[in-house]
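Structural characterization, general
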Amino acid sequence: MEPPFVPLFVRAFSIAIAGLALVATTAAQASYAYYVGKDLTEDGSVMVGGTGEEVSSHWLEIVPAKDHPTDATITVGVTADAVIPGELIAIPQAAHTFRYMQMAYTDFEGFPPPLTNGGVNEHQVAVRDVWAPSRQELVDMTPRPQRGVQYSDLARIVMERARTAREGVEIIGDLIAAHGFATYGGNTHLIADPDEGWVVWEFAGGQGLWVAERLGTDEVRVLYPGGIGEIPTELAGNPDYLASDNFISFAIAQGWYDPVSGEPFNVQHVYGDQSIRDFRDPGIKLMSPAAMEAATRAMAPVSEADLMERVRDPRVVDDDSGYGQVVGLRSDLADPDLIRVWNAPTGSVAAPFNVWWMGIEKVPMEYAQHRYLTKDSAATFLDPDYQMQEATRFAGRTFKRVMYYACSAPDRLLPPVTDMLTGFERETRGDLEWVERTARAMIASGDREAARALLTHYAETRAIAALDMGDTMAGALDAYTRLVTDRIAPEGKRINTLDPTVNCLADGDPDIAE
């Protein structure tokens, strides 16, 4: 007989000495993403990971599949408050949209909430959005007001409609051609399925410019910022590239590329921010995308736990990081209800990855939307409909407390925090085989309802156990900072800032051995 649940055992905090320093980082950009091809993973799955970097709080959502009337529309785009002002437009909705799981948030100026960087749908199409700035000339020529689908619209629509990664790319291209692209300066989307991945770069300028590169089965790609390097100029019929019809010709017409020069067409050099010559080493994080890729490849064959370690790396995860996400896309998956996603409710450097399945029936209120860091909360009252949910603990807030406490003495406090997080995740992984085997048996016997109830119960039980652990950690860290170290009260008078944040949990050496 299988044990019902492995009990959570919280170990006493041991005090380690490491010597991590307070280091200022550059200002937050917006999100990063990992792709690991299936030839490099432990179980043969394509793996995708990353985080969002937004001021807003984040919460987990499972959006059900839905049929829509023939005249249904959706509102897309940006408002006049965006950095590049725009107008919202309505576009047709699909007749049927797929079930998907995402982390949502509320705040990006001029981009109407709720927003998303992506997630995964019932066909195992995973999406991640990553900032990718266009050259200034494109930003300057963007129409005012601009109209079209924006980054969150694209991520959501791909999850709603795509059955494969390539189809997701084609959906993005068709949407931009039909309705335009609204932007704060440019974006990429990493789209993957159990066979392959694609990077899609959408540009400012109002010219409908976009390009996509296929990622190989033996490739690791890390995007921060997103980008694409050298591509062939003859794209028609090439299985590894897709692009708008004007992608090469527009660059030639602008004088940004000379086809007779013999120089390769480097997308970053032609269309990207001209201050970033190498998007794989832009000098922004304490660890470059190239170094992240090398560290990930060195782990091959990469497991889910390995990718969680990379996504959690304190050289790239800090107070800017709104959540963490890891998903393995498996060609041998028995049923879409068993699509498994690991989500950390805030920056995973100080929060555990909890397991969720596509088949779960509800998200615990503690992991759903709360007013903490939600747009306009300071200027509005609570809708009575949300009173019970707001009364519950909020996982995002709990683990933010853990992060801030750990920042007070990172050399001593981060190691035991990391040990507890990884220990909790190890317990969860120890249960996955029997939970999923039981769910598969229930589905095979025709009792999908029982399978979903099991997955929901296990996921919710572990999520609440994680939150209990977070409260215990915060309490222990509070006692430590009160009794052992000197608490430092703020000297300034401004609690909020858009200045560069401080990564208090890592030093600047990208060569630290893992």
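Residues numbered from 1 in each chain as written. Predicted model: local features only at pLDDT ≥ 70, side-chain atom pairs only at ≥ 80, totals over all residues. Heavy atoms only, no water.

The protein appears in an unreviewed UniProt entry as Dipeptidase from Alteriqipengyuania lutimaris. Of the comments in the UniProt record for the protein, the one headed Catalytic activity (unreviewed entry) reads "an L-aminoacyl-L-amino acid + H2O = 2 an L-alpha-amino acid". (UniProt positions renumbered as here; feature names shortened; annotations may be inferred.)

**A look at empty space enclosed by the protein**
Here the structure, examined in full by the defined rule, presents 2 cavities of 30 Å³ or more. Empty space within the largest cavity amounts to approximately 70 Å³. For the lining of the largest cavity, the secondary-structure elements that each account for two or more residues are β4 (58-63), β20 (340-344) and β21 (354-357). If you tally residues by element for the lining of the largest cavity, the top one is β4, at 3 residues. A domain split of the lining of the largest cavity shows at least three residues from each of domain 1 (32-357) and domain 2 (366-372 + 386-484). (1 Å grid on protein atoms, 1.4 Å probe; cavity = no way out; pocket = protein on both sides within 12 Å on 5 of 7 lines; lining within 4 Å. Points joined across faces, edges and corners; volume = space filled by probe spheres on them. Helix = DSSP H or I, 4+ residues; strand = E, 2+ residues; numbered from the N terminus. Domains from an automatic or database assignment.)

**Description of the sheet that holds β20**
Within the open sheet, the 6 strands sit side by side as β15-β2-β3-β19-β20-β21. Their pairing is antiparallel. Unpaired on one side and paired on the other, β15 (220-223) and β21 mark the two borders of the sheet. Taking each pair of neighbouring strands and ignoring which way they run, the sheet shows an average axis angle of 15°. Pairing geometry for strand β3 (residues 46-51) and strand β19 (residues 324-329), over 5 bridges, is antiparallel. Considered in β19, the bridge of Gly50 is made with Gln325. Strand contacts of helix α7 (residues 304-312): β2 (32-36), β3, β19 and β20, with the helix running at about 150° to β19, the strand carrying the most contacts. Of the strands in this sheet, β20 and β21 are in contact with helix α10 (residues 410-444), which crosses β21 at around 25°. (Pairing = 2+ DSSP bridges. Axes fitted to C-alpha atoms, helices over the stretch in contact; angles between N-to-C directions. Contact = heavy atoms within 4.5 Å.)

**Re the confidence of the model for the protein**
In the predicted model, the protein carries a mean pLDDT of 91, and 92% of its residues have values of at least 70. In the predicted structure, residues 1-28 sits below a pLDDT of 50 and forms 67 contacts with residues beyond four places in sequence or in another chain. Low confidence marks residues 508-514, where pLDDT is under 50. Its contacts with residues over four positions away, or in another chain, come to 13 contacts. (pLDDT = per-residue confidence, 0-100.)

**Considerations on the side chain of Glu202**
Within the element layout of this structure, Glu202 appears in strand β13 (residues 197-203). Arg221 provides the closest opposite charge to the buried, unpaired Glu202, separated from it by 13 Å. At 2.8 Å, the side chain of Glu202 and the side chain of His189 are in polar contact. Sequence-distant contacts of Glu202, defined by excluding residues within four places in its chain, comprise Leu154, Ile172, Ile176, Phe181, Gly186, Asn187, Thr188, His189, Leu209 and Trp210. (Buried < 20%, exposed > 50% of the residue type's maximum accessible area, 1.4 Å probe, protein only. Lys, Arg positive; Asp, Glu negative; His and termini not counted. Salt bridge = Lys/Arg side-chain N within 4 Å of Asp/Glu carboxyl O. Polar contact = N/O pair within 3.5 Å; in protein donor to acceptor, adjacent residues only side chain to side chain.)

**So, the pattern of salt bridges**
Counted under the stated rule, the structure contains 28 salt bridges. The salt bridge involving Asp153 is made with Arg156; its shortest N-O contact spans 3.5 Å. Of the two residues, Asp153 and Arg156 both sit in helix α2 (residues 151-161), 3 residues apart, roughly one turn of that helix. Exposure class is identical for Asp153 and Arg156. Each is buried. For Glu304, the salt bridge goes to Arg340, with nearest N and O atoms at 3.0 Å. In this pair, Glu304 is assigned in helix α7 and Arg340 in strand β20, connecting sequence segments 36 residues apart. Given the relative accessible area of 11%, Glu304 is considered buried. Residues joined by salt bridges that share partners form a network here, namely Asp335, Asp337, Arg448 and Arg452.

**Let's talk about the domain arrangement of the protein**
What the domain assignment lists for the protein is domain 1 (32-357) and domain 2 (366-372 + 386-484). Using only C-alpha atoms to locate each centre, domain 1 and domain 2 end up separated by 27 Å. Taken together, the contact between domain 1 and domain 2 spans 32 residues of the former and 36 residues of the latter. The contact between domain 1 and domain 2 buries some 2800 Å² in all, and 66% of this surface belongs to carbon and sulfur atoms. Sorting the residues of domain 1 by area buried against domain 2 places Asp337, Ala350 and Trp357 first, and these three jointly supply 20% of that buried surface. At the surface where domain 1 touches domain 2, the tally comes to 6 salt bridges. Lys400 is paired through a salt bridge with Asp319; the nearest N and O atoms lie 2.6 Å apart. In this assembly, domain 1 and domain 2 are joined by 12 residue pairs in polar contact (both at pLDDT 80 or more). Those elements giving two or more residues to the side of domain 1 that touches domain 2 turn out to be β4, α7, β20 and β21. A class-by-class count of the residues in the side of domain 1 that touches domain 2 yields 17 nonpolar, 8 polar and 7 charged. (Buried area = accessible area lost by both parts, 1.4 Å probe. Nonpolar A, V, L, I, M, F, W, Y, C, P; charged D, E, K, R; others polar.)

**Focus: unusual backbone geometry**
Backbone torsion omega between Pro113 and Pro114 reads -5°, so that peptide bond is classified as cis. Each neighbour pair has its own omega, and for Arg144 with Pro145 the value is 0°, a cis peptide bond. In this structure, Pro145 sits in the loop between α1 (136-141) and α2. For Gln124, which is not glycine, the phi torsion reads 60° and is therefore positive. Mapped onto the elements, Gln124 comes out in the loop between β10 (115-121) and β11 (126-131). We classify Gln124 as buried; its relative accessible area is 8%. The backbone of Asp376 sits at a positive phi, close to 70°, despite the residue not being glycine. Within the secondary structure layout, Asp376 lies in the loop between β21 and α8 (387-391).

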